[in-house]
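Listed below, chain by chain, are the residues.
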Amino acid sequence: MARKYSITHFILFAILIILAGCRLKQQVIDVPVNTPENFSLSGGEEIPDEWWMAFSDTVLNTLIDSALSNNFTLLSAWERLNAARAVVDRESSYLLPDLEAFFGGNVDRGESSSVQGESFTAGLSATYEVDLWGRIRSQIDAEQFRADAAYTDYQAGALSLAAVITSTWYRLLEARNQVELILRQEAYNVKVLNVLKNRFGSGQVRSV
């Protein structure tokens, strides 16, 4: 005699299946993953400045070197960096004494245009501003921060330019390889077609 199941039984059965699936999924997620000791979990590994050298592609190296040397936007960023560094040097000079040297001479002439006397003066003066409240040091720090920001902008521009060139170069190589592959496939298909024609001409295969 067959047992009769009510709707309640089916609902309970479905809930048990769902709970079992959730439990199984939770167990899979909790399985620890063994990673190498030198693996960077935070992604904080430093990237070398000339990272494209890792590809060992002389053509790519030439393209990037040429772009970095002749890109006007990047050259402008480099000049802004030099200007910012010059301002840092100027502000830093205010921490040193200000020296001034002077030299002069005077000739006294009489009525007969003869020299009556000569006098010479020379001296050296120095002034120094004591940075009692840290005003000069604060200006130096502010200009140093601007110089650091300019250097970061230059690095970001160089990185973006090198990345675009690298991506474009390897896309071009990929397209060339695809064209070459298609040409090889076409040549192979022509050979297969000629073989089929020859077999059909000799009666080895039907027209289909």
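See the structure printed just above.
These numbers come from a predicted model, not from an experiment. (Residues numbered from 1 in each chain as written. Predicted model: local features only at pLDDT ≥ 70, side-chain atom pairs only at ≥ 80, totals over all residues. Heavy atoms only, no water.)

Caption draft 1: Region of interest: the nonpolar core. Judged by nonpolar contacts, the single largest core of 13 residues is most densely connected at W52, L60, I64, L74, L161, A162 and I165. Those elements that provide at least two residues to this core are α2 (58–70), α3 (72–93) and α4 (135–201). Sorting elements by how many residues they give to this core places α4 first, with six residues. Excluding residues within four positions of it along the chain, W52 makes contact with L60, N61, I64, D65, L68, A162 and T166. Core analysis: the next-biggest nonpolar cluster, separate from the first, contains five residues, A84, V88, A147 and A150 among them. (Core = buried A, V, L, I, M, F, W, Y, C linked by side-chain atoms within 4.5 Å. Buried < 20%, exposed > 50% of the residue type's maximum accessible area, 1.4 Å probe, protein only. Helix = DSSP H or I, 4+ residues; strand = E, 2+ residues; numbered from the N terminus. Contact = heavy atoms within 4.5 Å.)

Caption draft 2: Layout of the packing of aromatic side chains. Summed over all chains, the structure comprises four aromatic pairs. Relative to F55, the ring of W51 lies with its centre 6.5 Å away and its plane at 75 degrees, an arrangement referred to as edge-to-face. Judged by its relative accessible area of 43%, F55 falls in the partly exposed class. Aromatic pair W78 and Y154: ring centres 5.0 Å apart, planes at 55 degrees, arrangement tilted. Residue W78 is located in helix α3, and its partner Y154 is located in helix α4; the two are separated by 76 residues in the primary sequence. Taken together, the ring pairs in this structure connect W51, W52, F55 and Y170 into an aromatic cluster. (Phe/Tyr/Trp six-rings, centres within 6.5 Å; stacked < 30°, edge-to-face > 60°.)

Caption draft 3: Molecular detail of the packing of α2 against α4. At a minimum axis distance of 10 Å, the contact between α2 and α4 shows a crossing angle of 145 degrees. For the element pair α2 and α4, the recorded crossing hand is right-handed. Across the interface between the two elements, V59, L60, L63, I64, A67 and L68 from α2 touch A158, L161, A162, I165, T166, W169 and Y170 from α4. Across the contact of α2 with α4, the residue classes break down as 12 nonpolar, one polar and no charged. (Axes fitted to C-alpha atoms, helices over the stretch in contact; angles between N-to-C directions. Left-handed = near helix turned anticlockwise from the far one by under 90°. Nonpolar A, V, L, I, M, F, W, Y, C, P; charged D, E, K, R; others polar.)

Caption draft 4: Region of the structure containing α4. The terminal C-alpha atoms of α4 lie 99 Å apart, and with 67 residues this matches the ideal 99 Å at 1.5 Å per residue to within 8%. Turning to α4, its buried residues number three or more, namely I136, I140, E143, A147, A150, Y154, A158, L161, A162, I165, T166 and W169. Lining the buried residues of α4 we find α2 and α3. Directly after α4, the chain includes G203, whose backbone phi takes a positive value near 80 degrees. (Expected span 1.5 Å × (residues − 1).)

Caption draft 5: Up close: the pattern of salt bridges. Taken as a whole, this structure holds three salt bridges when the rule is applied. Of the charged contacts in the structure, one is a salt bridge between R146 and E143, with a shortest N-O distance of 3.0 Å. With a gap of three residues between them, R146 and E143 both fall in helix α4, about one helical turn apart. Where E180 meets R184, a salt bridge forms, and the shortest distance between an N and an O atom there is 2.7 Å. With E180 and R184 both in helix α4 and four residues apart, this pair spans about one turn of that helix. By relative accessible area, which is 38% here, E180 ends up partly exposed. Under the relative-accessibility criterion, R184 is labelled exposed at 56%. (Salt bridge = Lys/Arg side-chain N within 4 Å of Asp/Glu carboxyl O.)

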